[in-house]
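Chain by chain, the residues run as shown.
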Amino acid sequence: MTSSGPSPSSLPLHHHHHHHIWLWIGQTPRQPWLWPRFLLFLLLLIGEQVVQVSASHQHFHPHSIKIPGDITLGGLFPIHARGPHGLPCGELKKEKGIHRMEAMLYALDQINSDPELLPNITLGARILDTCSRDTYALEQSLTFVQALIQKDTSDIRCSNGEPPIIRKPERVVGVIGASASSVSIMVANILRLFEIPQVSYASTAPELSDNNRYDFFSRVVPPDSYQAQAMLDIVKALGWNYVSTLASEGNYGESGVEAFMQISREAGGVCIAQSVKIPREPTAGEFDKIIKRLMETSNARGVIIFANEDDIKCVLEAAKRANLTGHFLFVGSDSWGAKSSPISELEDVAEGAVTILPKRASIDGFDQYFMSRSLENNRRNIWFNEFWEDDFRCKLTRPGIKLDPDKKKCTGEERIGRDSSYEQEGKVQFVIDAVYAVAYALHSMHQDLCPSSSGVCSNMDPVEGRSLLDYIRAVNFNGSAGTTVLFNENGDAPGRYDIFQFQMTNHSHPGYRVIGQWTNNLRLNLEEMQWSGGDKSVPDSICSFPCKPGERKKMVKGVPCCWHCELCDGYQYQLDEFTCETCPSDMRPAPNRTTCRPTPIIKLEWNSPFALVPASLAMLGILATSAVVITFIRFNDTPIVRASGRELSYVLLTGIFLIYLITFLMIAEPGVLVCAFRRLLLGLGMAITYSAMLTKTNRIYRIFEQGKRSVTPPKFISPTSQLIITFVLISVQVLGVFVWFAVIPPHTIIDYNELRPPNPSLARGILKCDMSDLSIICCLSYSIVLMVTCTVYAVKSRGVPETFNEAKPIGFTMYTTCIIWLAFVPIFFGTAQSTEKMFIQTATLTVSMSLSAFVSLGMLYMPKVYVIIFHPEQNVQKRKRSFKAVVQAARLSQKSSNEKQNGEMKIEPDRSQ
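### Regarding the overall build of the protein chain
Item 1. Counting its regular elements, the protein chain contains 22 helices and 33 strands.
Item 2. In the protein chain, which comprises 913 residues, the proportion classed as buried is 51%.
Item 3. Residue pairs in contact within the protein chain that sit at least 24 positions apart in sequence constitute 69% of those at least 6 positions apart.
Item 4. A total accessible area of about 43300 Å² is found for the protein chain, and carbon and sulfur atoms account for 56% of it.

This is the structure we're talking about:
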């Protein structure tokens, strides 16, 4: 066979010994739509610089397992670890590599032997080693896409002129893998170009959920963001809202914490106190610094930890050194899970730690399959010899390889689990589920596209990748562990986690206890949880405790979970969580300050000392006044009564009586009628009393002044004139009151401002008449003018002989009354700030008025009554007094005052009128 171009097998890529890369592009492909794909493919290769060619990998097909079948699935497994110093591959990974890869072979065996699933169709496989390195895995995965790169063979001819027979490269319909998220991301980029669906069994990075960038990627494990969601739900269920996060530097820790922080930000209600990162190479004392830093926000006792086992152990040790056993409440990710290694000898620090682990089950069928594998029956696994040597610590003899004398020779009779320890790797279940997911998708596709055909029909040759993806996303079946396998719109499996708590029920056997589970929502059994020291109550990890009723939240800037509580003081009540509002003027806050309630209304009660004292005085006064009136009426025609001026005396006594009466009106419960009478009588009693006294003193003064000048008597000194003058003076007060009635009709008011002290519980509304302090003074002002005028006349008349009429007693009355009212003013206004203001003012006013009435009554009428009753012999008619006698008395008094002889000449005037 001659060829005018490179051999077909080298078309996709050919590795020469000189480490050059030859890319051959033939004539224009027959399908123009492949051009952009191929160019993208080239760009990807050049851009990523992924083709690392070494002497040990001169052929394109490296070590790989090829299992023939009607439909081939690809497999990517980390059979080897990352190689040191630039070597692509390192040592063998027994569990994560061989166990998982054998799980795929086991699943294929199961499917191919199942008459119900894909009958008459055999599934084959091409399984590659990723060596735990993303760039190397990408190079390997080119195997999966080479069949899709179109090759032009038109210029190839055999020697006999016939067209060449070219082996058609195998076509992979779907890929199972990879393990590490970084590898899956790299491989997903190339598989999506060629529309090959990929199902991972272990990649949990949240970014793979992006359906725009990784549209052909699905996974049977939940992404880490679900784990973060589950952890957030745990935090919320425990009533915490202030936690710190701790992450090991690297993809797992940082993306886990980032997912937790993002979800908590979106959900709200949980604040991150601080986010601490553990460096890859921690220095001595690094963990003590981390604990010290976490203690800066000691209220955040909850610590969300996405860290590897070693870091977890170091954190617990540092907490123990810092004497903080029982302070931190750890919520650990699946890297902590239910492992005993991170907490060995640190059980007291780890007590109460809540950890999370994806629900997983051990597949018994796989155990039987794997433990029965031997060098004889497992030749299809090209890495099995290497596993055998590693597992049994022996050496297999190979031609041309000298046996290492330090290692024993393998017999081939060793048995897994008998001569070596064996425990099923945790992700085996997911590998089986991933293979079954593709198988069920192909089964559904076969039923739809080839309903009558028993094998693969033309509709499924080749299998259309995008169509298969839709079938994969639509699967819903019971997986190997009995749980449902299905995918959401992003190709993620539902999150299923077991939640553990490390408990020390009896200190001899501490251990992890399942306390709940999370499958899209949390089911947590809080009763089964116990914390440091066996305490059943959930400890707090909150920034600020809830405010008490009547306290408002004052938020800390930038931290929505932290606030200060401020009491709504004074007359404020709590309107809502953040605001205090002042109560309306007629209300006061309730004791818990969550609402306002009406202010109690008070009035002066009769049993109050402020009412009893004035009322007693007033009663006494009324009795005394009544006694005087009765005496005067009884002895109406006797000389003393007649001499005192009967008409004016009765007017004056009426005034005194009204002064006493006002006390009862001031104490009585305010009403429209009471208020009207208060206005009327408050000034009237005094106006009547002092009008009568003024008229008397004025008459005496005028008579004596007239007597000094001439013998003719002055005008208006008859009793009738006196009454008219008195009533004119009184009418001024009455007129003023009636004008006041017209302008402001009397009514009651409730004064809430008077008794509104700083302590709202003492606040009271006072029921009172619409009379301000000013209006009371205005009401009394006229009486005060009369009083002052009367006093002036009394002072002027002091020279009148003391035995003459009533000038001296009226003088004394007025002096005393002025003193009383002068004392009243400071008491009345000085108590304006007192809590008992109204009561003190009322009592002061009524007592002052009663005292002035007593003075008038005592000085003017008591001596007369005494004489009338106890010395009737003095109550006799003397010689008739004439105006001449008055004139004589006036002149004598003037003369005596001029001679500065103070009343040595005594003239006994006639007391009759």
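### Some words on helix α14 (residues 609-634)
Item 1. The terminal C-alpha atoms of α14 lie 37 Å apart, and with 26 residues this matches the ideal 38 Å at 1.5 Å per residue to within 8%.
Item 2. Considered for burial, the residues of α14 that qualify are Ala 611, Pro 614, Ala 615, Ala 618, Gly 621, Ile 622, Ala 624, Thr 625, Val 628, Thr 631 and Phe 632.
Item 3. Contacts from the buried residues of α14 go to α15 (639-643), α16 (646-667) and α21 (837-870).

### Points about the sheet that holds strand β17 (residues 354-358)
Item 1. Across the sheet, 8 strands lie side by side as β14-β13-β15-β16-β17-β22-β23-β24; this open sheet has mixed pairing. Looking along the sheet, the strands with just one partner apiece sit at the ends: β14 (271-278) and β24 (522-524). Shown here is a sheet whose adjacent strand axes are inclined to one another by a mean of 25°, direction ignored.
Item 2. Of the strand pairs in this sheet, strand β13 (residues 242-248) and β14 are connected by 6 bridges, and their pairing is parallel. Following the sheet pairing, Val 243 is matched in β14 by Ile 272.
Item 3. Strands in contact with helix α5 (residues 224-237) are β13, β15 (302-306), β16 (329-332), β17, β22 (497-503), β23 (511-518) and β24; relative to β15, the strand with the most contacts, it is inclined by about 165°.

### So, the confidence of the model for the protein chain
Caution applies to low-pLDDT regions: their predicted coordinates should not be interpreted in detail.
Item 1. Across the protein chain, the average pLDDT comes to 82, with 86% of residues at 70 or higher.
Item 2. Predicted confidence is poor over residues 1-61, with pLDDT under 50, and the contacts of this stretch with residues over four places away or in other chains come to 87 contacts.
Item 3. In the predicted structure, residues 900-913 sits below a pLDDT of 50 and forms 25 contacts with residues beyond four places in sequence or in another chain.

### Overview of the packing of α14 against α21
Item 1. Running from amino to carboxyl end, α14 crosses α21 at an angle of 25°, the nearest separation of the two axes being 9 Å. With respect to α21, the axis of α14 lies roughly parallel. The hand of the α14/α21 crossing is left-handed.
Item 2. A breakdown of the residues in the contact of α14 with α21 according to their chemical character gives 19 nonpolar, 5 polar and 1 charged.

### With respect to the pairing of β13
Item 1. Among the 7 residues in β13, 7 count as buried, and that is most of the element.
Item 2. Bridge count for β13 against β15 is 5 bridges, and the pairing is parallel. Looking at the pairing, Thr 245 lines up with Ile 304 of β15.

### Considerations on the pairing of β23
Item 1. Two strands pair when backbone bridges link them, and β22 and β23 are joined in this way by 7 bridges, in the antiparallel orientation. The residue of β23 that forms the bridge with Gln 501 is Arg 513.
Item 2. In terms of strand pairing, β23 meets β24 through 3 bridges, oriented antiparallel. What sits directly across from Gln 517, in β24, is Arg 523.
Item 3. The turn linking β23 back onto β24 is made up of 3 residues, and Asn 520 within it adopts a positive phi angle of 65°.

### Regarding the nonpolar core
Item 1. With 68 residues, the main nonpolar core has Leu 73, Met 104, Leu 123, Ile 127, Phe 366 and Leu 442 as its most contacted residues.
Item 2. Among the elements that line this core, the one with the most residues is helix α12 (residues 428-449), at 13 residues.
Item 3. In this structure, Ile 659, Ala 668, Leu 780 and Tyr 861 belong to the second largest nonpolar core, which totals 61 residues.

### A short note on helix α8 (residues 309-321)
Item 1. Under the 1.5 Å per step criterion, the end-to-end length of α8 is 19 Å for 13 residues, consistent within 8% with the ideal 18 Å.
Item 2. Looking only at α8, the buried set comprises Asp 311, Ile 312, Val 315, Leu 316, Ala 318 and Ala 319. Along the axis of α8, the buried residues cluster in a sector spanning 160°; they form a single face. Residues of α8 that are exposed and point over 90 degrees away from its buried face: Asp 310 and Arg 321.
Item 3. Looking at the buried side of α8, the elements it contacts are β13, β14, α7 (286-294), β15, β16 and α9 (347-350).

### Section: the pattern of salt bridges
Item 1. For the coordinates displayed, the defined rule picks out 23 salt bridges.
Item 2. Taking the shortest distance from any N to any O, the salt bridge between Arg 418 and Asp 419 comes out at 3.0 Å.
Item 3. The exposure class of Arg 418 is exposed, given its relative accessible area of 57%.
Item 4. Using a relative accessible area of 42% as the deciding quantity, one classes Asp 419 as partly exposed.
Item 5. As a salt-bridge pair, Lys 603 and Glu 669 come within 3.7 Å of each other at their nearest N and O atoms. Here Lys 603 is found in the loop between β31 (601-602) and α14, whereas its partner Glu 669 is found in the loop between α16 and α17 (672-709), with 66 residues between them in sequence.
Item 6. Sharing partners across several salt bridges, the network here consists of Arg 192, Glu 195, Asp 215 and Arg 466.

### A word on the sheet that holds strand β33 (residues 764-769)
Item 1. The 3 strands lie next to each other as β31-β33-β32, forming an open sheet whose pairing is mixed. The open sheet terminates on both sides in strands that have one partner only, identified here as β31 and β32 (748-755).
Item 2. Looking at chain direction, β32 and β33 are connected through 5 bridges and run antiparallel. Note on β33: the bridge partner recorded for Thr 748 is Cys 769.

### Topic: the environment of Pro 589
Item 1. The topology assignment puts Pro 589 in strand β29 (residues 587-589).
Item 2. Of the residues examined, Pro 589 reaches a relative accessible area of 6% and is grouped as buried.
Item 3. In this structure, the C-alpha to C-alpha distance between Pro 589 and Pro 760, residues 171 residues apart in sequence, is 7.0 Å.
Item 4. Discounting chain neighbours no more than four positions away, the residues touching Pro 589 are Gly 570, Tyr 571, Gln 572, Tyr 573, Cys 583, Thr 595, Cys 596, Arg 597 and Pro 760.

### With respect to the state of the cysteines
Item 1. Applying the stated criterion across every chain, the model contains 9 disulfides.
Item 2. Between the sulfur of Cys 89 and that of Cys 131 lies a disulfide, 1.7 Å long from S to S. Between Cys 89 and Cys 131 the disulfide shows an S-S torsion of about 85°. By sign, it is right-handed. Taken as a pair, Cys 89 in strand β7 (residues 89-92) and Cys 131 in the loop between β8 (123-129) and α3 (134-145) lie far apart in primary sequence, 42 residues in all.
Item 3. Relative accessible area serves as the criterion here: at 25%, Cys 89 is assigned to the partly exposed category.
Item 4. Residue classification places Cys 131 among the buried residues on the basis of a relative accessible area of 0%.

### Quick word on the packing of α16 against α17
Item 1. Their axes nearest at 8 Å, the elements α16 and α17 cross at an angle of 150°. Overall, the two elements α16 and α17 adopt an arrangement that is roughly antiparallel. Of the two elements, α16 crosses α17, and the hand of that crossing is left-handed.
Item 2. Residues belonging to the contact of α16 with α17 are distributed by class as follows: 20 nonpolar, 5 polar and 2 charged.

### Description of unusual backbone geometry
Item 1. Looking along the chain, the bond that leaves Gly 177 and enters Ala 178 is cis, with omega of 5°.
Item 2. By the secondary structure assignment, Ala 178 is in the loop between β10 (172-176) and α4 (181-193).
Item 3. Cis geometry is adopted by the peptide bond preceding Pro 462, which originates at Asp 461 and carries an omega value of 0°.
Item 4. Take Pro 462: it is sitting in the loop between α12 and α13 (465-473).

Criteria and cut-off values
- Residues numbered from 1 in each chain as written.
- Predicted model: local features only at pLDDT ≥ 70, side-chain atom pairs only at ≥ 80, totals over all residues.
- Heavy atoms only, no water.
- Helix = DSSP H or I, 4+ residues; strand = E, 2+ residues; numbered from the N terminus.
- Buried < 20%, exposed > 50% of the residue type's maximum accessible area, 1.4 Å probe, protein only.
- Contact = heavy atoms within 4.5 Å.
- Areas by Shrake-Rupley, 256 points an atom, 1.4 Å probe, with all protein chains shown as cover.
- Expected span 1.5 Å × (residues − 1).
- Pairing = 2+ DSSP bridges.
- Axes fitted to C-alpha atoms, helices over the stretch in contact; angles between N-to-C directions.
- pLDDT = per-residue confidence, 0-100.
- Parallel < 35°, antiparallel > 145°, perpendicular 65-115°, else oblique.
- Left-handed = near helix turned anticlockwise from the far one by under 90°.
- Nonpolar A, V, L, I, M, F, W, Y, C, P; charged D, E, K, R; others polar.
- Core = buried A, V, L, I, M, F, W, Y, C linked by side-chain atoms within 4.5 Å.
- Arc of directions from axis to C-beta.
- Salt bridge = Lys/Arg side-chain N within 4 Å of Asp/Glu carboxyl O.
- Disulfide = S-S within 2.5 Å.

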